[in-house]
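Fold and contact review
If you want the building blocks of each chain, they are given just below.
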Amino acid sequence: MGPGIRSTWEVPDPYALGIRLGIARGSREMWTGSASTGLLHRRIEDLVEHLLRADRYPYGVVLATGTCLVPESDFTLRPGDEVRIEIDGLGRLVTP
């Protein structure tokens with residue numbers, strides 16, 4: 001899942017987390033972007049309600065919302081590219 005998972009009660013304001021994404025190819029930065037969870041179109045409570053509407057998860061569940069950080073449509077990852085995603089208070093995930 002990533003470098004760490006935090007429980008909801010450990011996050012003071014889930015709508016105020018900065019998100020940064022970068023893609024490097026060798027020493028060259030190919031793409032960068034930043035956003036905030038404040039840009040979510042739906043409230044987290046609504047997403048959770050929909051998630052639990054028809055199913056139960058006795059062992060827990062992770063709700064992944066995705067991100068609005070997307071390179072242009074003509075951009076393609078190549079072998080060796082490094083993708084870095086960092087979220088304030090959660091950590092940094094680096095994927096080669």
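The rules we used
- Residues numbered from 1 in each chain as written.
- Predicted model: local features only at pLDDT ≥ 70, side-chain atom pairs only at ≥ 80, totals over all residues.
- Heavy atoms only, no water.
- Pairing = 2+ DSSP bridges.
- Helix = DSSP H or I, 4+ residues; strand = E, 2+ residues; numbered from the N terminus.
- Axes fitted to C-alpha atoms, helices over the stretch in contact; angles between N-to-C directions.
- Core = buried A, V, L, I, M, F, W, Y, C linked by side-chain atoms within 4.5 Å.
- Buried < 20%, exposed > 50% of the residue type's maximum accessible area, 1.4 Å probe, protein only.
- Contact = heavy atoms within 4.5 Å.
- Salt bridge = Lys/Arg side-chain N within 4 Å of Asp/Glu carboxyl O.

An order of β2-β1-β3-β4 is seen for the four strands of this open sheet, with the pairing classed as antiparallel. Each end of this open sheet is capped by a strand with a single partner; those strands are β2 (28-36) and β4 (91-95). Strand-to-strand twist of the sheet, defined as the mean angle between neighbouring strand axes without regard to direction, takes the value 10°. One ladder, built from five bridges, connects strand β3 (residues 82-87) with β4; its direction is antiparallel. Following the sheet pairing, I87 is matched in β4 by G91.

Core analysis: the biggest nonpolar cluster contains seven residues, these being I19, L21, I23, W31, A35, L69 and V83. Sorting the residues of this core by element identifies β1 (18-25) and β2 as the ones contributing at least two each. In terms of residue count, β1 provides more of this core than any other element does, three residues in total. Beyond its immediate sequence surroundings of up to four residues, V83 is in contact with G22, I23, L77, L93, V94 and T95.

Turning next to the pairing of β1. Burial analysis of β1 places seven of its eight residues in the buried class, which makes it a mostly covered element. Alignment of β1 against β2, held across eight bridges, turns out to be antiparallel. Pairing of I23 across the sheet is with W31, part of β2. In this structure, the hairpin formed by β1 and β2 is closed by a connection of two residues, where G26 is found at a positive phi of approximately 65°. With six bridges connecting them, β1 and β3 associate as antiparallel partners.

Side chains that differ in charge, positive against negative, can pair when their charged atoms come close. Taken as a whole, this structure holds seven salt bridges when the rule is applied. Put simply, R53 and E49 hold a salt bridge, and the shortest N to O gap is 2.8 Å. E82 is the salt-bridge partner of R84, the closest N and O atoms lying 3.7 Å from each other. Assessed through its relative accessible area of 16%, R84 is described here as buried. Since its relative accessible area comes to 31%, E82 is described here as partly exposed. Shared partners join several salt bridges into a network, and the residues in it are R20, E86 and D88.

Further remarks concern the side chain of R84. For R84, the location among the structural elements is in strand β3. For R84, the residues in contact, after removing those within four places along its chain, are R20, L21, G22, I23, A24, E29, R92, L93 and V94.

This paragraph deals with the environment of E86. Summarising the element assignment, E86 is placed in strand β3. In this structure E86 comes out as partly exposed when scored by relative accessible area, which is 32%. Spatially, the C-alpha atoms of E86 and I19 are 5.7 Å apart, while their sequence positions differ by 67 residues.

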